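Here are the chains, one letter per residue:
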Amino acid sequence: MERVNRPWTDLVFDDRRRGVRALVYTAALATDFVLVRQPPGGGDRALAAVGLLLCLAGWRWALTALVAQSALLVTAHTLGAGVVPSLKVLAAITLFEVAVRGRGRAPAVGCGVLALAVVLNRFGGLPGDLAPVLFKAAVVAGLPFFLGSYVRMSREAAAHAREQAARRALRAEQEAVAARAAERAAIARELHDLVAHHVSSMVLRVGVARHVVTDAAAGPGGGTVPDPRVTDVLDDLHSSGRAALTDLRR
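Thresholds, definitions, all that
- Residues numbered from 1 in each chain as written.
- Predicted model: local features only at pLDDT ≥ 70, side-chain atom pairs only at ≥ 80, totals over all residues.
- Heavy atoms only, no water.
- Core = buried A, V, L, I, M, F, W, Y, C linked by side-chain atoms within 4.5 Å.
- Buried < 20%, exposed > 50% of the residue type's maximum accessible area, 1.4 Å probe, protein only.
- Helix = DSSP H or I, 4+ residues; strand = E, 2+ residues; numbered from the N terminus.
- Contact = heavy atoms within 4.5 Å.
- Salt bridge = Lys/Arg side-chain N within 4 Å of Asp/Glu carboxyl O.
- Patch = residues over 30% accessible without salt bridge, like charges linked within 9 Å, V, L, I, M, F, W, Y side chains within 5 Å.
- Areas by Shrake-Rupley, 256 points an atom, 1.4 Å probe, with all protein chains shown as cover.
- Expected span 1.5 Å × (residues − 1).
- Phe/Tyr/Trp six-rings, centres within 6.5 Å; stacked < 30°, edge-to-face > 60°.
- Arc of directions from axis to C-beta.

Colleague: What exactly am I supposed to notice about the nonpolar core here?
Modeller: Soluble globular proteins tend to pack their nonpolar side chains together in the buried interior. With 30 residues, the main nonpolar core has Leu73, Leu87, Leu95 and Leu114 as its most contacted residues. In terms of residue count, the dominant contributor to this core is helix H5 (residues 84-101) (seven residues). Once residues lying within four places of it in the same chain are set aside, the contact partners of Leu87 are Leu47, Gly51, Leu72, Leu73 and Ala76.

Structural data, given as structure tokens:
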């Protein structure tokens, strides 16, 4: 069977490894919160904890979690929390997973919701800060959307290649079976013709022998009756041969 190598995107982002990715991302972000950023206030810690929980929930309810994260991002910015950048990272990770799974319009909807949250956080600076706001929205929402879409398309292409390889292998096997069947049929026809030819020759010779025995007994200088056992055997052979020949010609 033809072998198709699986791309790294298909191996790393397999749905069966979704939980492993969730644990890795969560552990990395939790370490960043605790050891690097160290949110000073209880409110920031609470927002960070909610963001982490929503990120974990995204591995099961990705789009719903992303909408909630976008709302949390707007709320945190309104409250002036210091964990807004970390919440953006969490939302971007969830959007990436939404794009990887790619169910219907969910990736585009998620990208639009997160981009809208980024724009709302900078709405007061519009229209003067339009270019920076659009750039930030493109980085926070557009980049994970396109990366996730790339991973999804790579996995779909690999799955399609495996399916095509399986179909080609099945078709080749079917063609091989058909070729063997045709070869056996050709051999059977040749054997049939060969056996029919020999049986026909045997019937003809037995018939000739029967007449020769009878004519020799009744001819000049004969005067004897042929042994009935001989004629019976010849008649039986002739009848059996004709019956076999009739069966072969059907």
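Colleague: What should I look at first to understand the pattern of salt bridges in this one?
Modeller: If charged atoms from side chains of opposite charge come close, those side chains can pair. The final tally for this structure, using the stated rule, is two salt bridges. For Glu156, the salt bridge goes to Arg152, with nearest N and O atoms at 3.8 Å. Placement of both Glu156 and Arg152 in helix H7 (residues 130-218) is noted, with a separation of four residues, approximately one turn of the helix. Take Arg152: its relative accessible area is 17%, and that puts it in the buried class. A salt bridge links Glu163 to Arg167, with the nearest nitrogen and oxygen atoms 2.6 Å apart. Residue Glu163 and its partner Arg167 are located together in helix H7, separated by four residues, close to a single helical turn. The exposure class of Glu163 is partly exposed, given its relative accessible area of 38%. Residue classification places Arg167 among the partly exposed residues on the basis of a relative accessible area of 44%.

Colleague: So what exactly am I meant to see when it comes to a nonpolar patch on the surface here?
Modeller: Taken together, the side chains of Phe135, Val139, Leu143 and Leu147 present a nonpolar region at the surface, about 390 Å² in accessible area. With respect to the helices, strands and loops of the structure, Phe135 is situated in helix H7.

Colleague: Just checking my understanding: could you explain H5 for this structure?
Modeller: Taking 1.5 Å per residue, 18 residues should reach 26 Å; H5 reaches 26 Å between its end C-alpha atoms and fits that length. Burial within H5 is extensive, with 16 of its 18 residues counted as buried. Two residues or fewer after H5 comes Gly102, characterised by a positive phi angle close to 55 degrees.

Colleague: Just to check I follow, could you spell out the packing of aromatic side chains for this structure?
Modeller: Given two aromatic rings, one states the distance between the centres and the angle between the planes to describe the pair. Here the structure, examined in full by the defined rule, presents one aromatic pair. Taking 5.2 Å as the distance between ring centres and 75 degrees as the angle between the ring planes, the aromatic pair formed by Phe145 and Phe146 counts as edge-to-face. A relative accessible area of 17% means that Phe145 is categorised as buried. The exposure class of Phe146 is exposed, given its relative accessible area of 58%.

Colleague: Is there a simple way to explain the side chain of Thr94 in this structure?
Modeller: One can find Thr94 in helix H5. With sequence-adjacent residues up to four places away left out, Thr94 is seen in contact with Cys55, Gly58, Ala62, Ala65, Leu66 and Gln69.

Colleague: Even after reading the chapter, I still don't get helix H4 (residues 62-79), so can you show me in this structure?
Modeller: Side chains that are three or four residues apart share a direction in an α-helix, a result of its 3.6 residues per turn. With 18 residues, H4 should reach 26 Å at 1.5 Å per residue; the first-to-last C-alpha distance of 25 Å fits that figure. Among the residues of H4, those classed as buried are Ala62, Ala65, Leu66, Gln69, Ser70, Leu72, Leu73 and Ala76. Taken around the axis of H4, the buried residues stretch over an arc of 165 degrees, which confines them to a single face. In this structure, H4 carries Thr64, Thr78 and Leu79 as exposed residues pointing more than 90 degrees from its buried face.

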